[in-house]
Every structure is written in structure tokens, then in C-alpha cells.
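Breakdown of the fold
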Amino acid sequence: MRLRVDLITLLLLATAISWAASSVSLHVDSRSLWKLEALSSGRIDGQEDATAYVRKAGAICGVAEPALVPDGFESRLAAAELDAAKDPSKLISDDQVARAFNFMSDQFGVANPTRLTGADVLQYRGVMSAIFPHVFSPKTVTGSRPVGAVVMLYMLVSYGGMTEGWKKVGGPNSFGISEAEPIEHPGIDRNAIAREYQSASLAYFQKKQPEEVRTFLGRLAKIMALPEGIEL
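Calculation criteria
Residues numbered from 1 in each chain as written. Predicted model: local features only at pLDDT ≥ 70, side-chain atom pairs only at ≥ 80, totals over all residues. Heavy atoms only, no water. Helix = DSSP H or I, 4+ residues; strand = E, 2+ residues; numbered from the N terminus. Buried < 20%, exposed > 50% of the residue type's maximum accessible area, 1.4 Å probe, protein only. Contact = heavy atoms within 4.5 Å. Areas by Shrake-Rupley, 256 points an atom, 1.4 Å probe, with all protein chains shown as cover. Phe/Tyr/Trp six-rings, centres within 6.5 Å; stacked < 30°, edge-to-face > 60°. Salt bridge = Lys/Arg side-chain N within 4 Å of Asp/Glu carboxyl O. Axes fitted to C-alpha atoms, helices over the stretch in contact; angles between N-to-C directions. Parallel < 35°, antiparallel > 145°, perpendicular 65-115°, else oblique. Nonpolar A, V, L, I, M, F, W, Y, C, P; charged D, E, K, R; others polar. Core = buried A, V, L, I, M, F, W, Y, C linked by side-chain atoms within 4.5 Å. pLDDT = per-residue confidence, 0-100.

Secondary structure summary: the protein chain contains nine helices and four strands in total. Shown N-terminal to C-terminal, the secondary structure of the protein chain runs as helices and strands in the order β-α-α-α-α-α-α-α-β-β-α-α-β. Put simply, the protein chain has 232 residues, and 50% of those count as buried. A fraction of 72% describes how many contacts in the protein chain between residues 6 or more apart in sequence connect residues 24 or more apart. Summed over its atoms, the accessible surface of the protein chain is roughly 11,100 Å², and 53% of this surface lies on carbon and sulfur atoms.

As C-alpha cells, then:
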């Protein structure tokens, strides 16, 4: 029996320069999210569907070779996605994502950490779901599917906990996205905090040995109440 930590690994593993490889080129941006949104609109009715979804999602996010991700990522993440498709109680809650974010803030040693609550995470996914409703669950849903939760956690860390999200912009004959423009907070430079999170997370993984990273991921998996399961 082993923890399914790998749905976290997809987006965190590739941030470590020491683990960089030619087949890992992490990118979660508007272009990749549009592709992931189209992919995520499909139904998952069985293990084959779930496996295909995870494999394609990984490629879209920059992991071209699943074998580069340790501990049976593909099969175990597929099992988690299938569980969530069958049972809404298997979705990852906003409180769990918030606790995971706060844990990461502490581990990375961010000097001016943002503290998120479940309500903050709900706000973020609600805004993002207006553009990507199949990646980020709408507010009417009680939680997030595993791949969506990982993408959301990664983006929250990248933006330093900024929960304003992305906005649709443009006139009636055009469409665009404004990426996470911060609301003015007197005395707080939100862009500086985002840069601090990005540099702190990168420095953290550069200094850690693989065993230390596995311990980190195990603790993160426990916070998010990820189930144990047999590696397929």
C-alpha cells in the first residue's frame, strides 16, 4: 500500500532544476489550459478513459514521458480520477487545498507568506471556472477533481496566493484573458509576493535530496487526504 502522492508530483517535480530533463518542460499557461479544458470535458467511465486522460493531461502540462515521474504516477493518478468520477465525495475539498498551500508556504520559507482559507480557494476556482469549467470546478460543486486541484495549487503558488484569478476581456467581437491582475492592497506588492513564492519554491527543491522530496510529498498528500492505494 502506497500513498498516491503523484497527482502532486506532476507539477512540483518539474520545478526542481536538479531533476530537469529534456522530456519535462513545465508550462501551465493560457494555451495549455485551453487544451486541458477541451480534454477535461470528456467523460471518464472506466480505467481506460482515466488512463488516457491522465496521460494526455501530463503531456499538455509539459511531462512528455510519464516514466520520468516516479512511483507509478500514471496508473495511480488515473485511479484517483476514476474514483472522483464515480463518487463526488472523492473530490478534493477547498479546505484541503488551502491547507496544502499554507503548508507549502511554510516549507518554502516564504518571508511574507499568504494565508489562504477554504473560502479563498472557492473564490479562486469559482472565478477560473468561468473560463475553464472542466478544469476548475464551479462554486456549485463541492470540490475539485484531482488534476484540477493540482493545477489550481500550482497556480496559487505561482501567483503567491493571489485569488483574483483570470478575467475575460475584450469587446463583443474579440476574446482575451487578463492574467491575475492584483487588486490594490495598501502597503502590499502582490507581484513581489508572487516572485518571492516562485524563487522560494525553486530554491527549496534545488536543495532537497529525492528522499526529502518524497517526505514532503507524503506530508502534502496527507494534508489533502489523498487515499492510499495499491500501485497498479
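What follows concerns the packing of aromatic side chains. Overall, the coordinates contain 12 aromatic pairs when judged by the stated rule. Their ring planes at 25° and their centres at 6.1 Å tell us that F108 and F216 sit as a pair that is stacked. Placement of the pair is F108 in helix α5 (residues 94–108) and F216 in helix α9 (residues 210–223), with a sequence separation of 108 residues. Among the aromatic residues, ring-to-ring pairing joins W34, Y124, F132, F136 and W166 into one connected group.

Under the definition given, this model contains four salt bridges. Of the charged contacts in the structure, one is a salt bridge between R115 and D106, with a shortest N-O distance of 2.5 Å. Taking the relative accessible area as the measure of exposure, R115 reaches 45% and is therefore partly exposed. The exposure class assigned to D106 is partly exposed, which follows from its relative accessible area of 46%.

Moving on to the packing of helix α2 (residues 30–40) against helix α3 (residues 47–60). Remark: α2 packs on α3, axes separated minimally by 9 Å, with the N-to-C direction vectors making an angle of 170°. With respect to their mutual orientation, α2 and α3 come out roughly antiparallel. Between α2 and α3, the residues in contact are S32, K35, L36, L39 and S40 and Y53, K56, A57 and I60, respectively. The residue makeup of the contact of α2 with α3, split by class, is five nonpolar, two polar and two charged.

Here we come to the side chain of T163. As for its placement among the helices and strands, T163 is situated in the loop between α7 (146–158) and β2 (167–169). Using a relative accessible area of 15% as the deciding quantity, one classes T163 as buried. Sequence-distant contacts of T163, defined by excluding residues within four places in its chain, comprise L116, D120, Q123, Y124, L156 and R190.

Our focus in this paragraph is the nonpolar core. Counting 52 residues, the largest nonpolar core has L33, L36, F136 and M155 as the members making the most contacts within it. Secondary-structure elements contributing two or more residues to this core are α2, α3, α4 (73–86), α5, α6 (118–129), α7, α8 (190–207) and α9. Looking at this core element by element, the count peaks at nine residues for α7. Setting aside its immediate chain neighbours within four residues, L36 contacts Y53, A57, I60, C61, V135, V147 and V151.

Take the confidence of the model for the protein chain next. Confidence in the prediction for the protein chain averages 77 pLDDT; 71% of positions are at 70 or higher. Confidence over residues 1–10 falls short of pLDDT 50; this stretch has 49 contacts with residues more than four positions distant or in other chains. Low confidence marks residues 13–24, where pLDDT is under 50. Its contacts with residues over four positions away, or in another chain, come to 25 contacts.

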